[in-house]
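# Structural features, examined
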Amino acid sequence: METNHKFFIMKTSYSNYASMFEDENEYETYTCEVCEANIHKRLTPFMCYFKELVIMGKGGFLCDKNGEIVEKCNTCNVFDYDKAGDMQGFGVNIEEWDGSDMFFFDNWPGVIIVTEKVKNLIEEKKLKNIIFTNLKEFTFF
Ligand SMILES: [Zn+2]
């Protein structure tokens, strides 16, 4: 699907400043019997606080630049790190995304994705400790 949306990975450059933390999340940990990935399954809705922002948006599964889901385990949904490691650039399936300006991929926990709107707002505030990476340019290597 053709889209004008731009998405960015948002990270802080100083872990002790503007820190991101999870709270009120309960997990159970198990190993997927199919792909042997270690799974941290959350038992409560995923709550993540970035300063005072509560991020609960859902972005569907991690996709390639064309919005096709990156190969993943059908049992636990962990994406194939070997395949993803060879890929240059990732994307969002617009039909799976809930439209939130800040969200997580269902199978990439802890990595905050934001829209260009959020990036621009934060950059206007000159919060230099926050780094944005265009999802379309991101690589794991
Ligand atoms: Zn699995």
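Scope of this entry: the structure provided in the associated data block.

Definitions and cut-offs
- Residues numbered from 1 in each chain as written.
- Predicted model: local features only at pLDDT ≥ 70, side-chain atom pairs only at ≥ 80, totals over all residues.
- Helix = DSSP H or I, 4+ residues; strand = E, 2+ residues; numbered from the N terminus.
- Buried ≥ 20, exposed ≤ 12 C-beta atoms within 10 Å, placed from the backbone.
- Pairing = 2+ DSSP bridges.
- Contact = placed C-beta atoms within 7 Å.
- Axes fitted to C-alpha atoms, helices over the stretch in contact; angles between N-to-C directions.

The secondary structure content of the protein amounts to two helices and twelve strands. From first element to last, N terminus to C terminus, the protein shows the α and β order β-β-β-β-β-β-β-β-α-β-β-β-α-β. Buried residues in the protein amount to 14% of all 141 residues.

Sheet strands pair by backbone hydrogen bonding; their relative direction is either parallel or antiparallel. Sheet architecture is open: five strands sit in the order S7-S10-S11-S1-S12, paired in mixed fashion. Of all the strands in the sheet, the pair left with one neighbour each is strand S7 (57-58) and strand S12 (130-134). Inspection of the sheet shows S7 paired to strand S10 (residues 102-105) by two bridges, in the parallel sense. Considered in S10, the bridge of Lys58 is made with Phe104. Contacting strand S1 (7-12), S10, strand S11 (108-115) and S12, helix H2 (residues 116-124) runs over the sheet at an angle of about 80° to S11.

Another aspect to go through is the environment of Asn134. With respect to the helices, strands and loops of the structure, Asn134 is situated in strand S12. It is 8.9 Å that separates the C-alpha atoms of Asn134 and Phe90, two residues lying 44 residues apart in sequence. Residues contacting Asn134, with those up to four places away along its chain left out, are Lys6 and Phe8.

Along the chain, the position of Val78 falls in the loop between strand S8 (63-64) and helix H1 (81-85). The exposure class of Val78 is partly exposed, given the 18 C-beta atoms found within 10 Å. Placed 28 residues apart in sequence, Val78 and Asp106 show a C-alpha to C-alpha distance of 9.1 Å. Residues in contact with Val78, not counting those within four places in the same chain, are Cys32, Cys35, Ala37, Ile39, Lys72, Cys73 and Asn107.

One non-glycine residue, Glu36, lies in positive phi territory at about 65°. By the element assignment, Glu36 lies in the loop between strand S3 (27-31) and strand S4 (38-42). Using a count of 10 C-beta atoms within 10 Å as the deciding quantity, one classes Glu36 as exposed. Although it is not a glycine, Asn77 adopts a positive phi angle of roughly 75°.

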